[in-house]
Structures are given as C-alpha cells and as structure tokens.
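If you want the building blocks of each chain, they are given just below.
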Amino acid sequence: MSANTQIVESFWLARPSTSVAPDLLGCSLVRQFPDGETIRGIIVETEAYGPGDPACHAYRQRTPRNEVMFGPAGMSYVYLIYGMYHCFNVVTDAEGVASAVLIRALQVDAVPQEFAGIPDKKRSRLAAGPGKLCKVLKIDRTLSGFPLGAGQPLRLEHRSDRFQQAVEEGTINFVQTTRIGISQGIDLPWRWYVGNSTAVSQL
DNA sequence: AGTGGGATCTGT
DNA sequence: CAGATCCCACTA
C-alpha cells in the first residue's frame, strides 16, 4: 500500500472497531464539495463502539437511526447530538455486526477561508472534537449511509509514508484510554489518540 | 402523544 | 457549570 492512496478496500475496515480505531489514526478524512473544493484533516483521535457495548447506539435494538451501523464496513454514520452538533463515524466489521469508529478529532492544516480570521491558538484546535470537526468539514446527516471511497463527498486516505515511518520509529506514539462523554461502558479502554498531537479533544 | 436524555461545545 | 436545541427511542 502506497501513501495517499484512497481507502476503497472496505475489507480493511471489515474488522472489529477496536482493531480499526487505532489504525485510523494518521489517516486523512477528506471532504469534497461539488465545486471541487476539498477540506482535509488528519485523524488524531478515535473511539470504538461495538457489540456488547452499552454505550453503542445499537446496543438495544436495530432502529432507523442506527441502521447503517449494521451494514457493511466503510460506510459513513452521522448523527445529530444535543440538537446542534453532528458526529461522524466509520462503520466497521462484518455486515450484520453493528459497530463503528467515532472520529473525535482532526488536525486541519489548510484551514478554510471562512475560519482564517480566528486566533492562531484556536485555529490549530479548530477540529479538536467530534462536533467541531463536523462543523469545519460541513458534515451533517445527509452524508450518513454513504461509502467513504473515491469520488464520494467524504473519503478516507491512508497514512502518509512519513507518518507511518514515524510510527515505526517511535517518534509518534498512540495513547489508549477510556472513552469520553458517555455514561455507560465508561471503563472500556476504547479511545485512542496521537500522543504528541495538540489537536486532540482532551488529554 | 408525551418525554427524558444524549458518543457536545461555548462562554461565565 | 449552565445553557443551547432537536431528535428519537421508550413508555403508555
């Protein structure tokens, strides 16, 4: 696998969310608009949700909202939270197994024009949170249930060679901890983030 | 048909 | 730490 190739191999995501979540760190999420404009961010924080997990939206029943989580890997799952923010997930694992990885933070290098006026300190943390990154990339529920492949409004790209090399050399390390903002399943260590990143939602 | 709480974020 | 704000899953 070479750098910057798009992740069209959905089988790569057809594994338990707890395996996929750390592997998504360093990959890029790319938003492509009809006019050709793109906004991209490097994934620096993720959380896994899956079977037997009381914090998972599909823990109780298959419902209209969580339907896409039961589908094949490599699809988007977007939902509205607290009436005003959206959260973006990558659906994982085999068809019929409800699971997903919540993307919690992105490092956005090329900040869109409309955010150019804000202070440097805030600008580096523009997408440091699941609701914030959806605001920056203009992700809402209309983008739920679509494949994350080439030519789509949202797509994933693999780690750059540079990032992968840094991981292997130990220059970049990953931290695994418990998840944030939930009231059940609070002891499961299913949150991962890039150790030296300044763009994670919390430490 | 009504309702309580939610995988959040911002400003005080 | 309160408030914003809306959808939906659950109860009846």
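As the structure is a prediction and not an experimental result, all values here were calculated from the model.

(A) Summary view of the nonpolar core. Counting residues in hydrophobic clusters, the biggest one holds 43 residues, and the most contacted among them are Leu 24, Leu 29, Phe 88, Ile 103, Leu 106 and Ile 139. Those residues in contact with Leu 106 that lie beyond four places of it in its chain are Leu 29, Gly 41, Ile 42, Ile 43, Val 44, Ala 127, Ala 128, Leu 133, Leu 137 and Ala 199. Counting residues in each nonpolar core, the second largest holds 15 residues, with Met 69, Phe 70, Tyr 77 and Ala 98 among its members.

(B) Examining the protein's contact with DNA strand B more closely. Among the 21 residues in the neighbourhood of DNA strand B, the closest are listed as His 57, Tyr 79, Asn 89, Gly 129 and Gly 131. Of all DNA strand B atoms lying within 4 Å of any protein atom, the proportion belonging to sugar or phosphate reaches 52%. A distance of 3.0 Å separates a base nitrogen of DNA strand B from a polar side-chain atom of Tyr 79. Between DNA strand B and the protein, one listed contact pairs a phosphate oxygen with a backbone N or O atom of Gly 181 at 3.3 Å. Mapped onto the surface near DNA strand B, the elements with two or more residues apiece are strand S3 (76–81), strand S4 (85–91), strand S5 (100–107) and helix H3 (130–136). Among the residues forming the surface near DNA strand B, the class breakdown is 11 nonpolar, 7 polar and 3 charged.

(C) Structural context of the pattern of salt bridges. Enumeration over the complete set of coordinates arrives at 10 salt bridges. One salt bridge in this structure joins Arg 40 and Glu 157, with 3.0 Å as the shortest N-O distance. One end of the pair, Arg 40, is in strand S2 (residues 38–49); the other, Glu 157, is in strand S6 (residues 154–157), and 117 residues separate them in sequence. Note on Arg 40: relative accessible area 36%, which makes it partly exposed. For Glu 157, a relative accessible area of 6% translates into the label buried.

(D) Spotlight on the protein's contact with DNA strand C. As a matter of local geometry, DNA strand C sits amid Arg 60, Thr 63, Pro 64, Arg 65, Leu 80, Tyr 82, Gly 83, Met 84 and Arg 141. For DNA strand C, the fraction of atoms within 4 Å of the protein that belong to sugar or phosphate moieties is 68%. One of the backbone N or O atoms of Arg 65 is found 3.5 Å from a phosphate oxygen in DNA strand C. Contacts to DNA strand C include Gly 83, whose backbone N or O atom sits 3.4 Å from a sugar or linking oxygen. Its residues assigned to classes, the surface near DNA strand C comprises 4 nonpolar, 2 polar and 3 charged.

(E) Up close: the packing of aromatic side chains. Under the definition given, this model contains 2 aromatic pairs. A ring pair is formed by Tyr 77 and Tyr 79, whose centres lie 5.5 Å apart and whose planes are at 35°; its orientation type is tilted. Like Tyr 79, Tyr 77 is buried. Taking the centre distance of 6.4 Å and the plane angle of 25° together, the rings of Phe 163 and Phe 174 count as stacked.

Rules used in this analysis
- Residues numbered from 1 in each chain as written.
- Chains lettered and ligands numbered in written order.
- Predicted model: local features only at pLDDT ≥ 70, side-chain atom pairs only at ≥ 80, totals over all residues.
- Heavy atoms only, no water.
- Core = buried A, V, L, I, M, F, W, Y, C linked by side-chain atoms within 4.5 Å.
- Buried < 20%, exposed > 50% of the residue type's maximum accessible area, 1.4 Å probe, protein only.
- Contact = heavy atoms within 4.5 Å.
- Near = heavy atom within 4 Å.
- Polar contact = N/O pair within 3.5 Å; in protein donor to acceptor, adjacent residues only side chain to side chain.
- Helix = DSSP H or I, 4+ residues; strand = E, 2+ residues; numbered from the N terminus.
- Nonpolar A, V, L, I, M, F, W, Y, C, P; charged D, E, K, R; others polar.
- Salt bridge = Lys/Arg side-chain N within 4 Å of Asp/Glu carboxyl O.
- Phe/Tyr/Trp six-rings, centres within 6.5 Å; stacked < 30°, edge-to-face > 60°.

Purely spatial values, then, with no claim about function.
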